[in-house]
Amino acid sequence: MRLSLPLFFILIGLTASAQVTEVNIAVNSSFRALSVVDDRVAWVAGSNGQVGRTVDGGTTWQFNQVRGFEKMDFRSLYAFDQSRAIIANAGSPASILITHNAGTSWEVVYTNAHADAFFDGIDFWNEREGLIYGDPIDNRMLLLRTADGGLSWSAVASPPGLENGEASFAASGTGIRCFNTSNVVIATGGVLSRLWHSTDKGNTWRSLPVPIIQGESSTGIFSVGIHGNTWVVAGGDFNLPQKKERHIFYSTDGGVTWHTPETATRGYRECVEPARNGMWLAAGPTGAETSDDQGKTWKSLSDEQGIHTVRQARNGSLILMAGSRRLWQIKLKAD
């Protein structure tokens, strides 16, 4: 099924720092995967095998239900341009698919049929080199790398060893961040929640403790954002989304020390994203916030319900937000 839908924009929120508009769409999907390439091109993916693409900055979208994956939930997504993108489903069998023709057709390039296989997120350093990660199999993080732009994938030789009850959350696709030329950080949560940091593209790892709430399968870090030496982690307890206890922290020294915000977000958040001009965004099922001081204080951006992820363009200023059957555009004050 392929739909080309005219979209109507509804102003739903205005703060001193940003304006939020909802994009009306007629697709039944819960979107947790979002990749914004530039000011024109973005892709979104979600449940019921749905993948969407815009080439005009979000004004119009085309949606494609991936054949053979109609019942799958795509929570991992990385788009290179308007034609090429990679998606991976959550759950077993866990498959990675690639398209070179704007989603008209998809090729399965990897499948893991292990009962515990579950992909949580994907990111790239450049056009060819990237990592995809998932929940542990036999207490080892499921971790694959590509060096050919996602055409083939191989297991990382020494992935992090995880404790019993330590896994990851595929809530927003932002639990992994590849940055600089060889650094990567991956967040885990559950009984034990921490960051795993590699400086050599995933060959070796060290763990970084974070004072976020943890100890239950529903708790921990759901997202990590990185901009220079400023790192922000967000999460909480998805069973208690209004709870404001140890759910968001910021670091100004690359994850060495962590600070509690003076004014935190209004509860559990599934995504945190650095934007331009020092702005940060946080989003979750009960709303969204912005910070203009590296995560020290947060201000309300939107009271919309059911938000899962927010992303800024890798090359540009376009910011989009996605959630349960809904998409939003965010325009910062400086735009």
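Residues numbered from 1 in each chain as written. Predicted model: local features only at pLDDT ≥ 70, side-chain atom pairs only at ≥ 80, totals over all residues. Heavy atoms only, no water.

Ordered by their spatial adjacency, four strands build an open sheet running β8-β9-β10-β11, and the pairing between neighbours is antiparallel. This sheet does not close on itself; its edge strands, each paired only once, are β8 (73-79) and β11 (107-112). When strand polarity is set aside, the average angle formed by the axes of neighbouring strands in this sheet is 20 degrees. In this structure, strand β10 (residues 94-99) lies alongside β11, joined through five bridges in antiparallel fashion. In the sheet register, Ala94 faces β11, and the bridge partner there is Asn112. (Pairing = 2+ DSSP bridges. Helix = DSSP H or I, 4+ residues; strand = E, 2+ residues; numbered from the N terminus. Axes fitted to C-alpha atoms, helices over the stretch in contact; angles between N-to-C directions.)

Here we take up empty space enclosed by the protein. Considering all chains together, one arrives at one cavity of 30 Å³ or more under this definition. Volume-wise, the largest cavity comes out at about 50 Å³. Around the largest cavity sit 11 residues that line it, and Val51, Gln62, Asn64, Ala102 and Gly103 are the ones nearest its centre. Of all the secondary-structure elements, those providing two or more residues to the lining of the largest cavity are β6 (50-54) and β7 (60-65). For the lining of the largest cavity, the residue count by class is five nonpolar, four polar and two charged. (1 Å grid on protein atoms, 1.4 Å probe; cavity = no way out; pocket = protein on both sides within 12 Å on 5 of 7 lines; lining within 4 Å. Points joined across faces, edges and corners; volume = space filled by probe spheres on them. Nonpolar A, V, L, I, M, F, W, Y, C, P; charged D, E, K, R; others polar.)

In this structure the tally under the stated criterion is 15 salt bridges. With its nearest N and O atoms 2.8 Å apart, the salt bridge here joins Arg194 to Glu166. Remark: Glu166 occurs in strand β16 (residues 166-167) and Arg194 occurs in strand β19 (residues 194-198); sequence separation between them is 28 residues. Assessed through its relative accessible area of 12%, Arg194 is described here as buried. Linking Glu289 and Arg269 is a salt bridge whose minimum nitrogen-to-oxygen distance equals 2.7 Å. (Salt bridge = Lys/Arg side-chain N within 4 Å of Asp/Glu carboxyl O. Buried < 20%, exposed > 50% of the residue type's maximum accessible area, 1.4 Å probe, protein only.)

On average, the protein scores 94 in pLDDT, and the residues at 70 or more come to 94%. In the model, residues 1-12 has pLDDT below 50 throughout and makes 49 contacts with residues more than four positions away in sequence or in other chains. (pLDDT = per-residue confidence, 0-100. Contact = heavy atoms within 4.5 Å.)

The next point concerns the packing of aromatic side chains. Under the definition given, this model contains 14 aromatic pairs. With 6.3 Å between their ring centres and 85 degrees between their planes, Phe222 and Phe238 make a pair best called edge-to-face. Of the two residues, Phe222 is situated in strand β21 (residues 219-227) and Phe238 in the loop between β22 (230-237) and β23 (248-251); the sequence distance between them amounts to 16 residues. Given the relative accessible area of 3%, Phe222 is considered buried. We classify Phe238 as partly exposed; its relative accessible area is 40%. Cluster of aromatic residues (ring-pair linked, three or more members): Tyr78, Phe80, Phe124 and Trp153. Above the face of the Trp125 ring, Lys201 is positioned so that its terminal group lies 6.0 Å from the ring centre. (Phe/Tyr/Trp six-rings, centres within 6.5 Å; stacked < 30°, edge-to-face > 60°. Lys NZ or Arg CZ within 6 Å of the ring centre and 35° of its normal.)

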